[in-house]
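Observations on the model geometry
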Amino acid sequence: MRRVFGLLASVLLILASGGMLPVRAQSSAELARTVPIADMHMHLGKGYGPEHYRAQMERNNVRWGGGVGGGPKDDPVAMRAALGPRYLPAIGQTEFFAVFFMGGAAALSDPDRPQFKALFERAEREFRAGTVRGFGEIHINNVSRFSPAGIQRKIPLESPVVMEMFRIADKHGGFVQIHTSRNSGLEEILRVAERFRRTRLILSHCLPGAGPAELAELFSRTKNVFCELSAQGPSHGVERVYDRNGIKPGWREVIVAHADRFMLGTDPCCGLEERYDALVSEIREHLLPALPPAVIRKVAYENALREFGLPR
Ligand SMILES: [Zn+2]
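The structure contained in this document is the topic of the report that follows. In this text, all values refer to a predicted model and were calculated from it rather than measured experimentally.

Reading the values: the criteria
- Residues numbered from 1 in each chain as written.
- Predicted model: local features only at pLDDT ≥ 70, side-chain atom pairs only at ≥ 80, totals over all residues.
- Helix = DSSP H or I, 4+ residues; strand = E, 2+ residues; numbered from the N terminus.
- Buried ≥ 20, exposed ≤ 12 C-beta atoms within 10 Å, placed from the backbone.
- Contact = placed C-beta atoms within 7 Å.
- Pairing = 2+ DSSP bridges.
- Core = buried A, V, L, I, M, F, W, Y, C linked by C-beta atoms within 7 Å.
- Expected span 1.5 Å × (residues − 1).
- Arc of directions from axis to C-beta.
- Right-handed = clockwise from strand over helix to strand, strands pointing away.

Focus: the environment of E239
- Relative to the assigned elements, E239 resides in the loop between strand 8 (225-228) and strand 9 (242-243).
- You can call E239 partly exposed: it has 15 C-beta atoms within 10 Å.
- Residues in contact with E239, not counting those within four places in the same chain, are G233 and P234.

This is how it looks when you write it as structure tokens:
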């Protein structure tokens, strides 16, 4: 039946184009292989320098990247200066980790720590100058068998340091990308999204532990919550949203139903720094082909461009 409709549509198209053969619509699989990607979870960290990131993006047709920081050796603001406005710098991750390593989880709630004071001063300056639009990746609850034991912590989202990040982001219409877990509940996310309505709240890894129905609920009850789909496939050993056989039950439906809320990410971290090409390939091969072409474009880059004001 579907075939008959397809044939009929082609005939109508040929008639409408005055007998000329229509350009064949691009299939999802084809588009998935070639679509430009905005990687909104592209960590820095090992001090490779800008040329490394420029090359890995070019090789993979990742035209925009950033959204998280990740290491003290490559500064996100310097990276933007080198890579240009298609790089989306996020600050705060280095400082959040430095304080955690010095004082443990309790220290993350102390806004008087010198690293945080310096971060907020810098943030006010950079946001005002337009050189930074967000904070990330800020780990709130990463207690999971997938996170290295030495970096795990579970703190309230509504803690003073994190709320100050949201306050600054909100003042400038920016974003905060947080890594938290379903087992902290949905309520704190809903309260923070409601309190800081000008802020895009980005959930790293599409909120680990949450099912498609819970994400649908979050998206239905908010306007400014988004998620990015990094670390969901075979390379990270997670295979929550997709595996080598394709997308998992329920995920295609929620992505299609809330197509304006999903973005892509690779999360080249924690041993996967040198496997960037494979991280992009698995997204192109196993995640994107299940989606209709218009949804592929939204998730791959259109949503990121719209929400972060990135140039084409
Ligand atoms: Zn990450």
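Next comes the rest of the write-up.
As for the sheet that holds strand 3 (residues 87-88)
- Spatial strand order, 1-2-3: 3 strands in an open sheet with parallel pairing. Because the sheet does not close on itself, it has two edges, and the strands there are strand 1 (37-39) and strand 3.
- With 2 bridges joining them, strand 2 (residues 62-66) and strand 3 adopt parallel strand pairing. Following the sheet pairing, G66 is matched in strand 3 by L88.

Topic: the sheet that holds strand 5 (residues 134-139)
- Spatially, 6 strands are ordered 4-5-6-7-8-11 in an open sheet, and the strand pairing comes out parallel. Both outer strands of the open sheet, strand 4 (90-92) and strand 11 (262-263), are each paired with one neighbouring strand and no more.
- As defined by bridge partners, strand 4 adjoins strand 5 across 3 bridges and the pair is classed as parallel. Residue pairing for strand 5: I91 is matched across the bridge by F135.

Some points on the nonpolar core
- A38, V176, L264, I296, V299 and A300 are the most contacted members of the largest nonpolar core, which totals 79 residues.
- The dominant element in this core, judged by the number of residues it contributes, is helix 12 (residues 293-308), at 7 residues.
- Those residues in contact with L264, other than ones at most four positions away along the chain, are I37, A38, D39, M40, E228, L229, I283, V299 and A300.

What to know about helix 6 (residues 114-129)
- The terminal C-alpha atoms of helix 6 lie 23 Å apart, and with 16 residues this matches the ideal 22 Å at 1.5 Å per residue to within 8%.
- Listed in full, the buried residues belonging to helix 6 are F116, L119, A123 and F127. Projected onto a plane normal to the axis of helix 6, the buried residues spread over an arc of 50 degrees and lie on a single side. Residues of helix 6 that are exposed and point over 90 degrees away from its buried face: P114, K117, A118, E121, R125, R128 and A129.
- At the C-terminal side of helix 6, G130 shows a positive phi close to 80 degrees.

Observations concerning the pairing of strand 8
- The side-chain alternation of strand 8 yields two buried faces, one formed by V225 and C227 and the other by F226 and E228.
- With 3 bridges connecting them, strand 7 (residues 200-203) and strand 8 associate as parallel partners. Bridge pairing links I202 to F226 in strand 8.
- Note on the crossover from strand 7 through helix 9 (residues 212-220) to strand 8: the handedness is right-handed.
- In this sheet, strand 11 lies alongside strand 8 in parallel orientation, the contact comprising 2 bridges. Bridging from a neighbouring strand, E228 pairs with M263 of strand 11.

Purely spatial values, then, with no claim about function.
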